Structure formats: C-alpha cells, structure tokens
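Per-entry structural report
The residues making up each chain are set out below.
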Amino acid sequence: MIHGLKLDNTYRFAMKLNTQLILSITAMLPLFGAAAHEGHGTNGATLLLPVRVVTEQKPPVKPMITVSKSSGVRISGQGAWTFMAVTNVLPIPAEAQWAVKGAHGTLIADTDRDTVYWGLQGVGWIAFSNNLTVSWVVKGDRTLAEGNIHGAELIKRRKGQLPLVAAADNVKHRVFVSDTSFTNVQILGYPTNSGKYTSASQFNPTDATWVGTQRFWVTDGYGEGWISEAKTSPLDYTGLMFGGHSLSQTPHGVTYDPATKDLIVSARPEGKFVVWNPSSHEVVETHGLPATEVNGKPSVPTVCDIELWGDYAVAPCLDGPGGIPGPIYILNRKKWEIVSIVAPKAELGFTQAQHIHDAILYEHKGHLWLLFTNWNPGGIGAAELVRVTE
C-alpha cells in the first residue's frame, strides 16, 4: 500500500485546487475541441469531440460506507461517484517490496475468484484476495519476471476454465498469453511479416485487449505505434493493423468495446480517445479530454488507458491538464461524459501518486473499489465508493 497520508495545511490547500481547476476548464472545452480536426493518415479526418463533465446523483451500486463532509475523511470525486481513501488493503509481499518504487505496470481483476493481479517489473504478478487484504507473488513462468508487464487484459471463459490473459511486455519486446495459473505462458514477438518492423527492438508493446477468446489486439505504444491483431491458435498475427504515429505519438492503451464492437485507442500525449472499427477499418469518432492553456498552447491530460466497467469506464492519466498530478476520470461510456474526477494525490492524500498509470473499478461483496497503480515513483492504492452527507 502507499503510505505518507499526512499533509500540512499549505500543501493540502494547494492540492485541493487541482480538481477545481479541471472542473473549471470544462467550460472552455469548445475552444479546444469543437473546431479542431485531427488527421489519422489513411484513416481520414475526424472531428475531435470534447468530453463534457456532468454530475450523476444515482450511484452505480449502493455504497457500503457513509461519511460526512465534516468528518475529516479524505474523499474525492463528484456526486454519486465520490470515493474515500483506503489504506488498510493491498499489502505488498515482503519479497516484492524492493520493486515497488520502479513499478510501471497494470491491474487486472478476476471477479469470480476475488482476485486482483498487479503486474510489477522484475517480479511478475502479485495477487490480492480476501477483499484485497491478503497477497502473494504468483509463482508462475519465470519469464514473466524478466521484463515488464506493462498493460494487460483478462477475459473469462466457459465454466471450469481459468480466464485468459494477454499481457504486453515493453521491455522484452513481446506479448504473453496464458491462463491465470501463469504457468503455461506462450510468447508472441513482433509482427515480422508486416513490413513495419525490421527488428524486435522497434516493438515495445504497452497494452493488449481481447475480442472474444481467440483474437486480441496489441498496441505498440512505445515503439512504431502500430496496433496489430493476433490470434491464439496458432499464436500469431493476422496481418491486420492500423495506426502508426499519424494516429498518435504514443497510442498507450487499446480497449475493445463489446457493446459497439469498436476499439478505443488511448492517445496519451494528445489526451484523446480514438474509436476505430475493425469491420470498416475506419476511425468512427475521436473524443478529447478537457484541456487548459499554458503559454498560449493547449495542455491536455496525458491519458494512459480506458478500462470498461459496465456502462462506465475509468481513464487514468499520468498528468492532468497544466501538468497537475494525474487524475482518474470516470466516464459514462454510452454518453461519453465525465461523471467524476478523482485526484489520488491532491485529494485522497496518496503522496506517491504523482503519475497514474492504470486504474480499474472492482466490485466485490457490495464494495466498489477504485484501484490504481502509479509510476515514477511506483506504487498501488485503493479508494472505495461512499455516500457523502452534510
């Protein structure tokens, strides 16, 4: 867990302004989004649609905890999507504590088995269970600890089968595919026959997403920027790809939306989500997060990924607009509206959480957790949905 939650009054006042700044910026969205067009190479031009902020009063689940505004409990978010800091969960196993500072990884959840996995560079997977109160280092294939599990996705299979995981290793230029025993790991290298790569060093994948249990997509966020389709049997690329740096300088995350059958690419430095359809091979739409102006130029949140949860999604950011500590946006993904902005460092007091690298919503036994992992310095943290009273 992340420690160091005591802040002096000066620091607390300065940090509290962060979410207020983001909220005030939304009034300026048309200035930065509505009239802008972004070119996507062979994919054509698409209007950049600004994502607006709304407040929802009906919670997604009934909160287990009620806190009053005068209680002194650290809370962050807006309306029904307000969270409190939780510091007595996510214990780090003693054998893995040496690696926490360098964390540059991802979170996935197996809700059927009450298990959350954290990819930690040099360690592999750390598992958390029993309402996030117990943990262990997964003793799987040793290759998982040799590189860095940067981004991953878990997909459930039919009853009696363990879920499948596709994980991008940006350090060793490869992708892992395995079930959650993590013992029989298959390895996929770079797309050798694509004509886009001449060596493995050009391929530095940052995320993967499943389209059913037999196909998945990989984004080469730290390499050439191509997003490639792969199949599991036999494990190989299909030859279908899109993107490149004309789409984004760093296409950091990729997420399949089963409701629309589109891929959502998180374009990190551009602060936007590019929605691409695998059937039409075209960009459907592009959504931009709230920006502010710094030295006469727009400054956007550097969004790392978008993780789906029912009709909602979470979008973790390395930095907020204007370079403030990274926020986590919660979006209504049907309407493309921000329903809450959670500030782990500024408002929840996680002093190490300067740059948020990944986040997920995890529901178990009535609790709705917002879990996140931060980078530079590394760490992991949790917040829980609460009902706020006067």
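Preceding block: the structure.
These numbers come from a predicted model, not from an experiment.

Before going further, it helps to spend a moment on the sheet that holds strand β11 (residues 149–155). Judged by pairing direction, the sheet is antiparallel, and its 4 strands sit side by side in the order β11-β12-β13-β14 without closing on themselves. Every other strand in the sheet has two partners, leaving β11 and β14 (186–188) as the edge strands with one partner each. Across the sheet, the mean angle from the axis of one strand to that of its neighbour is 20°, orientation sign disregarded. With 6 bridges joining them, β11 and strand β12 (residues 164–169) adopt antiparallel strand pairing. For Ala-152, the partnering residue across the bridge sits in β12 and is Ala-167.

With 26 residues, the main nonpolar core has Trp-118, Leu-132 and Leu-371 as its most contacted residues. Those elements giving two or more residues to this core turn out to be β6 (81–86), β8 (115–120), β9 (124–129), β29 (355–364), β30 (367–375) and β31 (379–389). Counting 23 residues, the second-largest nonpolar core is a separate cluster that includes Tyr-312, Val-314, Leu-348 and Phe-350.

Moving on to the sheet that holds β9. Taken in spatial order, the 4 strands line up as β7-β8-β9-β10 in an open sheet, and their pairing is antiparallel. The open sheet has two free edges, formed respectively by β7 (107–110) and β10 (134–137), since each of these has just one partner strand. On average, each strand axis in the sheet is tilted by 25° relative to the strand beside it, whichever way the strands run. Pairing of β7 with β8, which is carried by 4 bridges, proceeds in the antiparallel orientation. Looking at β8, one finds that Asp-110 is bridged to Thr-115.

With that settled, consider the pairing of strand β19 (residues 251–257). Among the 7 residues that make up β19, 7 are buried, leaving the element largely enclosed by the rest of the structure. Pairing geometry for β19 and strand β20 (residues 262–267), over 6 bridges, is antiparallel. Residue pairing in the sheet places Thr-255 in a bridge with Ile-264 of β20. Linking β19 back to β20 in an antiparallel pair, the connection comprises 4 residues, with Lys-261 at a positive phi of about 60°.

Next up on the list: the pattern of salt bridges. Using the criterion set out here, one finds 10 salt bridges in the structure. Note that Arg-52 and Glu-337 form a salt bridge whose closest N and O atoms lie 2.5 Å from each other. Separated by 285 residues along the polypeptide, Arg-52 in strand β3 (residues 52–53) and Glu-337 in strand β28 (residues 337–342) bring together distant segments of the chain. Close ionic contact of Arg-215 with Glu-229 constitutes a salt bridge, the shortest N to O distance being 3.5 Å. Of the two residues, Arg-215 is situated in strand β16 (residues 215–219) and Glu-229 in strand β17 (residues 226–232); the sequence distance between them amounts to 14 residues. In this structure Arg-215 comes out as partly exposed when scored by relative accessible area, which is 37%. Overlapping salt bridges, with partners in common, bring together Glu-146, Asp-169 and Arg-174 in one network.

This next bit is on the packing of aromatic side chains. This structure, assessed with the given rule, holds 13 aromatic pairs. A ring pair is formed by Trp-81 and Tyr-312, whose centres lie 4.8 Å apart and whose planes are at 50°; its orientation type is tilted. Remark: Tyr-312 occurs in strand β26 (residues 312–316) and Trp-81 occurs in strand β6; sequence separation between them is 231 residues. Judged by relative accessible area, which is 0%, Trp-81 ranks as buried. Judged by its relative accessible area of 15%, Tyr-312 falls in the buried class.

What follows concerns the environment of Ser-135. By the secondary structure assignment, Ser-135 is in strand β10. Accessibility expressed as a relative area gives 22% for Ser-135, which makes it partly exposed. Along the chain, Ser-135 and Thr-115 lie 20 residues apart, while their C-alpha atoms are 9.3 Å from each other. Each residue touching Ser-135, except ones within four places of it in the same chain, is listed here: Pro-91, Ile-92, Pro-93, Ile-126, Ala-127 and Phe-128. At 2.7 Å, the side chain of Ser-135 and the backbone oxygen of Pro-91 are in polar contact.

What counts, and where the lines are drawn
Residues numbered from 1 in each chain as written. Predicted model: local features only at pLDDT ≥ 70, side-chain atom pairs only at ≥ 80, totals over all residues. Heavy atoms only, no water. Pairing = 2+ DSSP bridges. Helix = DSSP H or I, 4+ residues; strand = E, 2+ residues; numbered from the N terminus. Axes fitted to C-alpha atoms, helices over the stretch in contact; angles between N-to-C directions. Core = buried A, V, L, I, M, F, W, Y, C linked by side-chain atoms within 4.5 Å. Buried < 20%, exposed > 50% of the residue type's maximum accessible area, 1.4 Å probe, protein only. Salt bridge = Lys/Arg side-chain N within 4 Å of Asp/Glu carboxyl O. Phe/Tyr/Trp six-rings, centres within 6.5 Å; stacked < 30°, edge-to-face > 60°. Contact = heavy atoms within 4.5 Å. Polar contact = N/O pair within 3.5 Å; in protein donor to acceptor, adjacent residues only side chain to side chain.

Keep in mind that these numbers describe shape and distance, not what the molecule does.
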